[in-house]
Amino acid sequence: VNVKGEKNILEESVRKGVKRHIFISTVATQTPKPNAYRDSKLEAEEEIKKFGNTHHLDWIILRYANVLGSQTWDQPFKVIFPFLRIGIPKIPTDSKTSPFYFVTIETVLDATMAAIEAKPNQMITVLDGKITIGEYLSIMEKVHHVRVSFLPSKPVRLLAKYFGIYFPFLEGMSVGLEFMAHPPAFENKTMKRELHIETRNFQKWMKRYFPKEQV
């Protein structure tokens, strides 16, 4: 989907006389360790640049941070252990002080629409702001009524090392935890300058959409 599907869309865009191609990418492209999601998005980005230069097609690549408000946030998934049930929000990690970069659906929509008229042939990281993972998890606990939301990343890395060949999802989970525990520094000055998008305040956004919760 990320690579071959994107090539199909690029080719069809040229056939239909489309003037601008906007690709929805992700800040996960900055993940330090290779993984299928990161690598396929990076490959698609490179295909867009080469195709645009060859066929004179304007392009914009929007790298979104973690989107708040999508359906995946409605219910935390559960991990069941014998005699113990732990509810875990989307980003489990043992690094409570690391920054968590986020973007709201409103900003995603605004940025995508603004990209239609922005200066072409550029890559823009789109985010609203950041909080610490500890603060984020505490809020998600209240929103989802989860009593415990802690899953150490070191045991997950060990599981991925020894059992990843049998359970491939462990490798993906391990990479995700590593990324959230030690995220690279993102900046969105380009977003503000080129798209003229105002950043959202996380606390105000949560109170608006979860007014009954004490966040």
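Before reading on, note that the structure itself is shown above.
Residues numbered from 1 in each chain as written. Predicted model: local features only at pLDDT ≥ 70, side-chain atom pairs only at ≥ 80, totals over all residues. Heavy atoms only, no water.

**Things to note about the overall build of the chain**
- On a plain count of helices and strands, the chain comes out with eight helices and eight strands.
- Intrachain contacts of the chain at a sequence separation of at least 6 include 78% that bridge at least 24 residues. (Helix = DSSP H or I, 4+ residues; strand = E, 2+ residues; numbered from the N terminus. Contact = heavy atoms within 4.5 Å.)

**Details of unusual backbone geometry**
- Backbone geometry at H56 places phi at a positive 55°, although glycine is not the residue there.
- Among the secondary structure elements, H56 is positioned in the loop between α2 (36–55) and β2 (58–64).
- In this structure H56 comes out as exposed when scored by relative accessible area, which is 72%.
- You will see that H196, though not glycine, has its phi angle at about 55°, which is positive.
- By secondary structure assignment, the location of H196 is in the loop between α7 (189–195) and α8 (202–209).
- By relative accessible area, H196 is classed as exposed at 65%. (Buried < 20%, exposed > 50% of the residue type's maximum accessible area, 1.4 Å probe, protein only.)

**Things to note about the side chain of R38**
- Within the element layout of this structure, R38 appears in helix α2.
- Take R38: its relative accessible area is 15%, and that puts it in the buried class.
- Of note is the side chain of R38, whose polar atom sits 3.0 Å from the backbone oxygen of T31. (Polar contact = N/O pair within 3.5 Å; in protein donor to acceptor, adjacent residues only side chain to side chain.)

**Brief notes about the nonpolar core**
- Within the largest apolar cluster, 33 residues are counted, with the highest numbers of intra-cluster contacts made by L62, F100, V126, Y136, L195 and F202.
- Of all elements in the fold, only β2, β6 (99–104), α3 (105–114), β7 (122–126), α4 (133–144), α6 (169–181), α7 and α8 reach the threshold of two or more residues within this core.
- Take this core: its biggest share by element is six residues, from α4.
- Residues contacting V126, with those up to four places away along its chain left out, are L62, R63, Y64, A65, V103, T107, A111 and M191.
- Within the second largest apolar cluster, eight residues are counted, among which are L10, A44, I48 and I61. (Core = buried A, V, L, I, M, F, W, Y, C linked by side-chain atoms within 4.5 Å.)

**Considerations on the pattern of salt bridges**
- Under the counting rule described, the total for this entry stands at 10 salt bridges.
- For K49, the salt bridge goes to E46, with nearest N and O atoms at 3.4 Å. Within this pair, K49 and its partner E46 are both found in helix α2, separated by three residues, close to a single helical turn.
- Its relative accessible area of 22% is what places K49 among the partly exposed residues.
- Residue E46 is classed as partly exposed on the basis of its relative accessible area, which comes to 42%. (Salt bridge = Lys/Arg side-chain N within 4 Å of Asp/Glu carboxyl O.)

**Structural notes on the packing of helix α1 (residues 4–15) against α2**
- Orientation of α1 relative to α2, taken along the N-to-C sense of each, is 20°, at an axis distance of 10 Å. The pairing of α1 with α2 is recorded here as roughly parallel in orientation. In the packing of α1 onto α2, the handedness of the crossing is right-handed. Residue-level inspection shows E6, K7, L10, E11 and V14 of α1 in contact with α2, the latter providing A44, E47, I48, F51 and H55.
- In the contact of α1 with α2, the residues fall into five nonpolar, one polar and four charged. (Axes fitted to C-alpha atoms, helices over the stretch in contact; angles between N-to-C directions. Parallel < 35°, antiparallel > 145°, perpendicular 65-115°, else oblique. Left-handed = near helix turned anticlockwise from the far one by under 90°. Nonpolar A, V, L, I, M, F, W, Y, C, P; charged D, E, K, R; others polar.)

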